[in-house]
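Topology and contacts: notes
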Amino acid sequence: MPSATLPTHSAVYEKLHHKSQGSWTKLIFVPIPGVPNRHLRVLAPNLPTWRQFQGKLPKPMGRKRTLILICFACMAMVMTVMLFSRNVGAPEWPESWPPGDTSTLVFRREDLQRIWKWEIASGHYPSRRSIPKMVGLTAPPFNPALPIKQRNLPPSRYRPPPSVVTPNTDTDTLGVGSKRVYLDIQSAPPNVAYPPRPVPGSVADMDVIMKHCDFSGNKYVRDCLEILRLGGGLDNGQRTRRGKMDDWKYIYKEESNATVEIPSEKSEDEETYPYPLRRPLAPGEADAAEDPDAGLSKKRGVEWEPQLVLPSPLKHTPNAALPTPCDPENPRLFHMFWTGPFTDKPYLALLSFLYTQNTGIHLEEWPKDSPVCRPEFWLWINPGPAAAIPNPNALDDMFEQLKLSPWASPFLHPRFKDVIKFKLWNTTEQLDGVPEIKNEWRILQDSLFNSGGYVISVKHEEESSLNETSTKKADDDDIMNRTGSTSASAYDRLSVILSDMARFVLCHRFGGIYLDADTILLRDWEELWGWKGAFAYRWSRLEKYNTAVLRMNKGSALGSFLFRTALKNGLDFHPMTVSRYTADAHIEGLLLRLPDALFDSAWLNTEYYQRDRPPQPYFVEFADFFDTPQQSSAAPQSLGFNGFFKGAYSYHFHNFWWKPFDPTRNWPDLGPRFSVGERMARAALQGKDVQFSSVVAEDRKNTEEEETVESDKRDLDWSAVLKRTFESYIRSERPNLYGEWLKW
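Everything numeric in this text was worked out from a predicted model, so none of it was measured.

**A closer look at the packing of helix α8 (residues 344–356) against helix α21 (residues 718–730)**
For any two helices packed against each other, one specifies the inter-axial angle together with the distance between the axes. Interhelical geometry of α8 versus α21 gives an angle of 60 degrees and a closest axis separation of 9 Å. As the angle between them shows, α8 and α21 are arranged oblique. Once α8 is placed against α21, the crossing between them reads as left-handed. For the pair α8 and α21, the contacting residues are Tyr347, Leu348, Leu351, Ser352, Leu354 and Tyr355 in the first and Lys723, Thr725, Phe726, Glu727, Tyr729 and Ile730 in the second. Looking at the contact of α8 with α21, its residues break down into eight nonpolar, two polar and two charged.

Here you go:
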């Protein structure tokens, strides 16, 4: 658009006072951060310059109108930024943000201190990050998950010399644990075709990962993934970096032959430590000490919680000192929650588990002397709508439906029975199994579906009617009766809200790691299991949690805090609300917010961040996983699984439940052993009503048409390539990620 010639002073005066045909607005071009050579067009007031106004306008009138126009311009800019910042295709963004209450806190400072001390003493804080000053600890706790440091240390910004009174600083922990040995993990020639399995019992140092991957420190996802690859040995003979890389080593082993004992503070020989174990009170702090909760903001309208009852802390035992490979206090359980008909989404999640984790399914029998702790995958099935109560025969019905499902039936094979287990979800039973809320949650049962302050009311009589599905037909599009999301417009929000709570219930009751059903595992999680702290990951650019991946310890003090706090806040477990719980109580360090590069590597790019140096592959929106743009559609088949965010632990494709992974082969393609399910899925795609018994009796070669490669899609999308990669492993046509062949 050609620029207009500026009018003369007299013309400006005439336009302003005689309302001529002149333009009051103009287009300005604002650079978009992180997107080179792209600008945002914004309509702004066409304000005359000061020289144009000078001497031509009445001063009071000119100033007033100019200020008004400037205000309107600012408002237009703010609204434009808000509009373009919103990720329209992400149903996870809550329709209603948490209400603006001042605080969610219901625990006194004394209880917050006890929570911190319990978690640290149990070995759940293997980090050198400081404890926030608002917690008010006056003595540094002993930390069995940190190695003993040399006592004669110079003063640091964390621990000044004893002559300096510092009542307003954070508190460090004192390491009393085992020595750490950082590992150089590489494939040894000539076996460099595949990466080595992680060392059993190894641990990821999250402090090192945060140093290299934290978005708040301006770290790029691309660089983070490289460090995760090289430090984990995933480059397997293809290392091009030269020079010393000790700073990139983030996996270690603890050396110990016995359980770490925590010394008593009274028995500590303070003369061997150059700084005081208890900080002195500063002048004026004694007055504040009269109110032990000074500085904390309690939730309005509720009383402080009674003193939190906690069990004795666990004894931190390094893996090398365990009598068996598995730690009974830290079971290796993957949890996943699913509602509605079994589809290709949980199917692919289970296949990715078998392809990447050390399950040993390639062995005829799991060796009794194996040093590996074998992980399990528990898939929790909610048999009906989220608001329904299962009938007495729900468990039998669930397995009957799984047997008839072409997507689920392969995992009932005896080969997988020790590592994949289907569990029936019962909301009443699960909530009654949480001691912290079992006597009180029914008070909120009519408003149980609370997400970020947005409550969907479910009356008891409606719940009763939902149980009578055999005698009463429900409207499939009714939000109360949806079982799964069939499209963006028919989104099963109730099941999503229920899953927000279910993940915390499962981790608190059984321990382990929860995964959203739109998650694909990309590598072995051995060292993540070794890190005994709790974690979720970052909500893209925001310093909030995304709990699509959630690790919590069974029966932990952190879990007790979260459930009691949630009970007083409407049992709201939306990740944004959980972020408020931990921030208000100053315990964010106990639920570590890992960088999203580890589990959600494309997220920042989809929100216009780091597009100048994106990772591989480069997704500008999550739909690119299912519909890879034509200009980059050569990459999936050329690079394969190894070219998909290599180094990340998993990929989160953010919903798209209604999009098939492989549209041209939208069935389980697992070979002749599982041909029954394949033929049923093929028949369903053709609109045929085929019974299970008739498919079993029918001979495969009489029903399957001969296929040619010409009938396949020319450029395969990333989703199709990953699905076919996992399936070819089950068919014994290729090894898994670590070179292990499945032999039937």
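**Re the side chain of Asn666**
If you trace the backbone, Asn666 turns up in the loop between β18 (650–652) and α18 (675–685). On the basis of relative accessibility, which here comes to 19%, the residue Asn666 falls in the buried class. Dropping the residues within four chain positions of it, Asn666 is found in contact with Asp344, Trp407, Pro660 and Leu685.

**Here we look at the pattern of salt bridges**
All chains considered together, the criterion is met by 35 salt bridges. Of the charged contacts in the structure, one is a salt bridge between Glu305 and Lys568, with a shortest N-O distance of 2.5 Å. Of this pair, Glu305 sits in the loop between α7 (285–289) and β8 (333–339) while Lys568 sits in the loop between α14 (557–567) and α15 (575–585), and the two are 263 residues apart along the sequence. Using a relative accessible area of 25% as the deciding quantity, one classes Lys568 as partly exposed. Where salt bridges share partners, they join Glu305, Glu440, Arg564 and Lys568 into one cluster.

**Here we look at the state of the cysteines**
Enumeration over the complete set of coordinates arrives at two disulfides. A disulfide bridge connects Cys213 with Cys224, and the sulfur atoms are separated by 2.1 Å. Taking the sign of the torsion about the S-S bond as the criterion, the disulfide between Cys213 and Cys224, at about 85 degrees, is right-handed. Residue Cys213 is found in helix α5 (residues 206–213), and its partner Cys224 is found in helix α6 (residues 221–231); the two are separated by 11 residues along the sequence. Under the relative-accessibility criterion, Cys213 is labelled buried at 5%. Paired by a disulfide, Cys326 and Cys373 hold their sulfur atoms 2.0 Å apart. Disulfide Cys326 to Cys373: torsion about the S-S bond roughly 110 degrees, handedness right-handed. On the criterion of sequence distance, the pair formed by Cys326 in the loop between α7 and β8 and Cys373 in the loop between α8 and β9 (376–382) is long-range, its members being 47 residues apart. Given the relative accessible area of 31%, Cys326 is considered partly exposed.

**Details of the nonpolar core**
Counting 95 residues, the largest nonpolar core has Phe342, Ile420, Phe422, Trp525, Phe599, Phe625 and Tyr651 as the members making the most contacts within it. In terms of residue count, the dominant contributor to this core is α8 (eight residues). Sequence-distant contacts of Tyr651, defined by excluding residues within four places in its chain, comprise Asp518, Thr519, Ile520, Leu522, Phe599, Ala602, Phe619, Phe622, Phe625, Phe644 and Phe645. Counting residues in each nonpolar core, the second largest holds 60 residues, with Trp118, Leu137, Met552 and Leu591 among its members.

**Observations concerning α5**
Where burial is concerned, most of α5 is hidden: six out of the eight residues are buried. If you check which residues of α5 are buried, you get Met206, Val208, Ile209, Met210, His212 and Cys213. Sitting at the amino-terminal end of α5 is Asp205, which places a side-chain oxygen 3.0 Å from the backbone nitrogen of Asp207.

**Observations concerning the side chain of Asp214**
Topologically, Asp214 is positioned in the loop between α5 and α6. In this structure Asp214 comes out as buried when scored by relative accessible area, which is 18%. Apart from the residues within four sequence positions on either side, Asp214 is in contact with Ile209, Lys219, Arg538 and Pro595.

**A short note on the packing of α14 against α15**
Taken N-terminus to C-terminus, the directions of α14 and α15 make an angle of 110 degrees; their axes are 11 Å apart at the nearest point. As judged from the angle between their axes, α14 and α15 are roughly perpendicular. For the pair α14 and α15, the contacting residues are Phe561, Leu562, Thr565 and Ala566 in the first and Val578, Tyr581, Thr582 and Ala585 in the second. Split into classes, the residues belonging to the contact of α14 with α15 amount to six nonpolar, two polar and no charged.

**Section: the sheet that holds strand β17 (residues 591–594)**
Taken together, the seven strands give an open sheet; going across it, the order is β10-β9-β8-β13-β16-β15-β17, and neighbouring strands pair in mixed fashion. Each edge of the open sheet is held by one strand with a lone partner, namely β10 (420–424) and β17. Across the sheet, the axes of successive neighbouring strands diverge by a mean angle of 35 degrees, strand direction being ignored. Packing of α8 onto the sheet brings it into contact with β8, β9 and β10, and relative to β9 it is tilted by some 170 degrees. Sheet strands touched by α15: β15 (534–539), β16 (542–552) and β17. Its angle to β16, the strand with the most contacts, is close to 100 degrees.

**Notes on the sheet that holds strand β7 (residues 251–255)**
Overall, antiparallel pairing links the three strands, which are arranged β5-β7-β6 in an open sheet. The two strands at the open ends of the sheet, each matched to only one other strand, are β5 (179–182) and β6 (203–204).

Analysis parameters
- Along each chain, numbering runs from 1 in the same order as the chain's sequence is written.
- Totals for whole chains, interfaces and linings use all residues, but because this is a predicted model, local features are given only for residues with pLDDT of at least 70 and pairs of side-chain atoms are given and counted only at 80 or more.
- The basis for every side-chain value is the complete set of heavy atoms in the structure, and neither hydrogens nor water enter the calculation.
- Every axis corresponds to a line fitted to the C-alpha atoms, with the helix fit spanning only the stretch in contact, and the corresponding angles, defined between N-to-C directions, vary from 0 to 180 degrees.
- Helix and strand definitions here come from DSSP, where helices need a minimum of 4 consecutive H or I residues and strands a minimum of 2 consecutive E residues; each element is numbered from the N-terminal end.
- For this classification, under 35 degrees means roughly parallel, over 145 means roughly antiparallel, 65 to 115 means roughly perpendicular, and everything else is oblique.
- Note on convention: near helix rotated counterclockwise from far helix by under a right angle means a left-handed crossing. Clockwise means right-handed.
- Whether two residues are in contact is decided by their heavy atoms: any pair within 4.5 Å suffices.
- When residue character is reported, Ala, Val, Leu, Ile, Met, Phe, Trp, Tyr, Cys and Pro are called nonpolar, Asp, Glu, Lys and Arg charged, and the others, Gly included, polar.
- Only protein chains enter the accessibility calculation, which uses a 1.4 Å probe. A residue is then buried if its area is under 20% of the maximum for its type, exposed if over 50%, and partly exposed in between.
- Between Lys or Arg on one side and Asp or Glu on the other, a salt bridge is scored when a side-chain nitrogen of the former is within 4 Å of a carboxyl oxygen of the latter.
- Two cysteine sulfurs form what is called a disulfide whenever their separation falls within 2.5 Å.
- Residues belong to one nonpolar core when they are buried, are Ala, Val, Leu, Ile, Met, Phe, Trp, Tyr or Cys, and are joined through side-chain atoms within 4.5 Å.
- Polar contact is defined as a pair of N or O atoms within 3.5 Å, subject to the rule that within protein one atom must be able to donate a hydrogen and the other to accept it, and that residues adjacent in sequence are counted only when both atoms are side-chain atoms.
- Whether two strands pair depends on DSSP finding at least two bridges between them.

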